[in-house]
Amino acid sequence: MQQRLAWAITGSGHYLRESLAILQTLESVDIFLSKAAAEIIKQYGFQDLIDATGHRVYQDKTASSIPVELFYEGKYHSLVIAPATSNTIAKMAYGFSDSLVTNLFAQAGKTRVHSIVFACDTAPELESEAPRDNVVKVYPRQIDLDNVIKLKAFTHTEVAEDMQQLQQYIMHRLAAVHQMDAE
């Protein structure tokens, strides 16, 4: 069985367009949308971008987050969460697994599947895309910044602070997986 990449999206518009652009360049991906992600994708007018990826899409519609069992079946070599809201980062940093995305992260950790997270709140001041192509200033709270630092200490987890770093982590991980498959 060829393993796939799992990609989870939370309810943030911060670099959502750019995350979807990366997704369009990848093969063998399953996309997991939180309830908020499904809403924000429609609000930003990005449904066509999701559809254009050609990847399978799972939406958070079950209380028990049934798709997480796929990690126990060895279906995935890696998990990408991009973009990840401060709410999701906080939950993951403190071990909560009460939604599709946080359950995916918890199960990835429990099955030693490598995770790459693009955290939205990584600097004291950021510019972020809002609906209808507006750009707004965002000032993350200290607790949001602290949670990102906490998450960086997790085993088998890389936290990207910008799109270039996210792209590098993904390409490095895919190269490592490809090398393991060749051996």
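Each remark here, short or long, concerns the structure printed above.
Residues numbered from 1 in each chain as written. Predicted model: local features only at pLDDT ≥ 70, side-chain atom pairs only at ≥ 80, totals over all residues. Heavy atoms only, no water.

S.K.: Sorry if this is basic, but what is going on with the pairing of strand E2 (residues 29-33) here?
M.R.: Regular strands have side chains that alternate between both faces of the sheet. When you tally the buried positions in E2, you get five out of five residues, the bulk of the element. Neither face of E2 is open: one carries Val29, Ile31 and Leu33, the other Asp30 and Phe32, and all of them are buried. Bridge analysis of strand E1 (residues 4-9) against E2 gives five bridges, and the strand direction is parallel. Bridge pairing in E2 links isoleucine 9 to leucine 33. In this region the chain leaves E1, passes through helix H1 (residues 16-24) and returns to the parallel neighbour E2; the handedness of that crossover is right-handed. For E2 and strand E3 (residues 56-59), the ladder comprises four bridges, and the chain directions are parallel. Paired with isoleucine 31 across the strands is valine 57, a residue of E3. (Buried < 20%, exposed > 50% of the residue type's maximum accessible area, 1.4 Å probe, protein only. Helix = DSSP H or I, 4+ residues; strand = E, 2+ residues; numbered from the N terminus. Pairing = 2+ DSSP bridges. Right-handed = clockwise from strand over helix to strand, strands pointing away.)

S.K.: Help me understand the pattern of salt bridges in this model?
M.R.: For side chains of opposite charge, pairing can occur when their charged atoms come near one another. Enumeration according to the criterion identifies six salt bridges in this entry. A salt bridge links aspartate 30 to arginine 4; the shortest N-O distance between them is 2.9 Å. Of the two residues, aspartate 30 sits in strand E2 while arginine 4 sits in strand E1, which places them 26 residues apart along the sequence. Each member of the pair, aspartate 30 together with arginine 4, is buried. Residue lysine 91 pairs with aspartate 98 through a salt bridge whose shortest N-O separation is 3.1 Å. In this structure, a network of salt bridges that share partners links the residues Arg4, Asp30, Arg56 and Lys75. (Salt bridge = Lys/Arg side-chain N within 4 Å of Asp/Glu carboxyl O.)

S.K.: For this particular structure, what's the right way to read the pairing of E1?
M.R.: For E1, the buried fraction is high: six of the six residues fall into the buried class. Here E1 shows a buried face lined by Arg4, Ala6 and Ala8 and a second buried face lined by Leu5, Trp7 and Ile9.

S.K.: Looking at this model, I keep getting lost on the nonpolar core. Mind explaining?
M.R.: Here is a general trend for soluble globular proteins: nonpolar side chains tend to be buried in one another's company. One finds Trp7, Ile9, Val80, Leu166 and Ile170 to be the most contacted residues of the largest nonpolar core, which totals 25 residues. Elements that contribute at least two residues to this core include exactly E1, H1, E2, helix H2 (35-43), strand E4 (76-84), strand E5 (114-119) and helix H8 (163-182). Sort the elements by how many residues they give to this core and H1 lands first, with four residues. When neighbours within four sequence positions are excluded, tryptophan 7 is seen to be in contact with Ser19, Ile22, Leu23, Leu26, Val29, Asp30, Ile31, Phe32, Val80, Ala82 and Ile170. Listed in part, the 23 residues of the second largest apolar core include Leu70, Met92, Phe105 and Val113. (Core = buried A, V, L, I, M, F, W, Y, C linked by side-chain atoms within 4.5 Å. Contact = heavy atoms within 4.5 Å.)

S.K.: Teacher, can you tell me more about the packing of aromatic side chains here?
M.R.: We describe a pair of aromatic rings using the distance from one ring centre to the other and the angle between the two ring planes. Tallying each qualifying case throughout the model produces six aromatic pairs. Where phenylalanine 32 meets tyrosine 58, the ring centres are 4.9 Å apart and the plane angle is 10°; that geometry is what we call stacked. Of this pair, phenylalanine 32 sits in strand E2 while tyrosine 58 is found in strand E3, placing the two residues 26 residues apart along the sequence. Looking at phenylalanine 32, the relative accessible area reads 0%, which means it is buried. For tyrosine 58, a relative accessible area of 24% translates into the label partly exposed. Between the aromatic rings of phenylalanine 32 and tyrosine 76, the centroid separation amounts to 6.0 Å while the plane-to-plane angle is 75°, which identifies the pairing as edge-to-face. Linking phenylalanine 32 in strand E2 with tyrosine 76 in strand E4, this pair joins segments that are 44 residues apart in sequence. Among the aromatic residues, those joined into a cluster by ring pairs are Phe32, Tyr58, Phe71 and Tyr76. Here the guanidinium or amino end of lysine 150 rests over the ring plane of tyrosine 94, the centre of that ring lying 4.9 Å away. (Phe/Tyr/Trp six-rings, centres within 6.5 Å; stacked < 30°, edge-to-face > 60°. Lys NZ or Arg CZ within 6 Å of the ring centre and 35° of its normal.)

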